[in-house]
Amino acid sequence: IFKVFGVYSFMSALAILTLNSVVSALTCIPLYGIATKTFGRSVGYIAAFALAFHPVSIYHVGHVWETSIFTFLATCLIAWLLNLPKAFNLRNAVLYGALIGIVTLVNPVIVAFCPFVALWLFTRAEVPTAQRIRLIATMSLAMILTIMPWLIRNYSTFDRFMLRSNFGLELRLGNSADAWSAIKARRMAPWNLGHPATSRNEFLRYASLGEVEYMNRAF
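Predicted model, so just to flag it, every value in this text is computed and none were measured.

1. With respect to the overall build of the chain
Here is step 1: For the chain, the helix and strand inventory stands at 14 helices and zero strands.
Here is step 2: Secondary structure of the chain in N-to-C order comes out as α-α-α-α-α-α-α-α-α-α-α-α-α-α.
Here is step 3: Principal-axis analysis of the C-alpha atoms gives the chain an extent of 60 × 45 × 40 Å.
Here is step 4: Here the chain, with 219 residues, has 35% of them falling under the buried criterion.
Here is step 5: Accessible surface computed for the chain: about 13700 Å², of which carbon and sulfur atoms make up 68%.
Here is step 6: Distance from the positive charge centre (18 side chains) to the negative charge centre (8 side chains) of the chain: 11 Å.

Here's what the structure looks like:
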């Protein structure tokens, strides 16, 4: 978007926020499918309308972040997974693995979902056990191949295999004793004071050290 409409331009902001609005609205569709499959059509309609008017859903549309598109893609993964056991074949295994890989590139937190996907398909897929194992392995390989170009790019740029460099920083700022005390005291959270995205001093330190070295010291 920046390359097409300009870096930090008005048109770029408009394009990004429009994309957020579109994918946020589309999230109602897979959510309807999940609720309908699990609880019936009436609950499906209620869930879709609830998401459309949910204040937090509307709030995140106005933020330039991956939240809206990640929510849409993750919801699509769950909706498809509920129907996958009845059609767990080579084609769907490859496509589902590739989709997990795409979602991983948006936000790597989805990797924590993968073991449960494998367990769900192993226990519920309507194919022989040996075939289940082969298809789960194929799905895993498709996911790895999808994210491999990004891993290679990161190794070339940062001299290490990683999906994101800031895991240690986010883990420390979000789970430290200071974070919990800040929540209890209802005061400014540590990541507002110690994150280069919100602290000028930390940003200057980040710019001086470089991304990898800063993250090494931050953790």
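2. Describing a nonpolar patch on the surface
Here is step 1: A grouping of Ile1, Phe2, Val4, Phe5, Val7, Tyr8, Phe10, Met11, Leu14 and Leu19 is seen on the molecular surface, where their side chains present a nonpolar patch of about 1100 Å² in accessible area.
Here is step 2: Elements that contribute at least two residues to the nonpolar patch include exactly α1 (2-5) and α2 (10-26).
Here is step 3: No other element matches α2, which puts four residues into the nonpolar patch.
Here is step 4: Position of Val4 relative to the elements: it lies in helix α1.

3. Describing helix α6 (residues 67-83)
Here is step 1: Here α6 is 17 residues long and its end C-alpha atoms lie 25 Å apart, about the 24 Å a rise of 1.5 Å per residue gives.
Here is step 2: Burial in α6 covers these residues: Ser68, Phe70, Phe72, Leu73, Ala74, Thr75, Leu77, Ala79 and Leu81.

4. A look at helix α8 (residues 114-124)
Here is step 1: What α8 keeps buried is the set Cys114, Val117 and Leu121. Take α8 and look down its axis: the buried residues cluster within an arc of 55°, on one side only. Turned more than 90 degrees away from the buried face of α8 sit Pro115, Phe116, Leu119 and Thr123, all of them exposed.
Here is step 2: In this fold, the buried residues of α8 make contact with α6, α7 (90-106) and α9 (129-158).

5. Section: the confidence of the model for the chain
Here is step 1: Counting all residues, the mean pLDDT for the chain is 89, and 92% of those residues have values of 70 or more.
Here is step 2: The secondary structure element of the chain with the lowest average pLDDT is helix α11 (residues 177-185), at 61, and the one with the highest is α7, at 97.

6. Some remarks on the layout of surface pockets
Which parts of space are left empty comes out when a probe the size of a water molecule is rolled across the atoms.
Here is step 1: In this model, the largest pocket occupies a volume close to 1500 Å³.
Here is step 2: Along the walls of the largest pocket sit 36 residues, with Trp65, Glu66, Arg164, Asn166 and Glu170 positioned nearest its centre.
Here is step 3: Contributions of two or more residues to the lining of the largest pocket are made by α2, α7, α9, α10 (167-175), α12 (190-194), α13 (200-209) and α14 (211-218).
Here is step 4: When grouped by side-chain class, the residues that make up the lining of the largest pocket number 22 nonpolar, nine polar and five charged.

7. Details of the state of the cysteines
Here is step 1: Tallied over the full model, the rule gives zero disulfides.
Here is step 2: With no disulfide partner, Cys76 has as its closest neighbouring cysteine sulfur the one in Cys28, 11 Å distant.

What counts and what doesn't
Residues numbered from 1 in each chain as written. Predicted model: local features only at pLDDT ≥ 70, side-chain atom pairs only at ≥ 80, totals over all residues. Heavy atoms only, no water. Helix = DSSP H or I, 4+ residues; strand = E, 2+ residues; numbered from the N terminus. Buried < 20%, exposed > 50% of the residue type's maximum accessible area, 1.4 Å probe, protein only. Areas by Shrake-Rupley, 256 points an atom, 1.4 Å probe, with all protein chains shown as cover. Lys, Arg positive; Asp, Glu negative; His and termini not counted. Charge placed at Lys NZ, Arg CZ, Asp CG, Glu CD. Patch = residues over 30% accessible without salt bridge, like charges linked within 9 Å, V, L, I, M, F, W, Y side chains within 5 Å. Salt bridge = Lys/Arg side-chain N within 4 Å of Asp/Glu carboxyl O. Expected span 1.5 Å × (residues − 1). Arc of directions from axis to C-beta. Contact = heavy atoms within 4.5 Å. pLDDT = per-residue confidence, 0-100. 1 Å grid on protein atoms, 1.4 Å probe; cavity = no way out; pocket = protein on both sides within 12 Å on 5 of 7 lines; lining within 4 Å. Points joined across faces, edges and corners; volume = space filled by probe spheres on them. Nonpolar A, V, L, I, M, F, W, Y, C, P; charged D, E, K, R; others polar. Disulfide = S-S within 2.5 Å.

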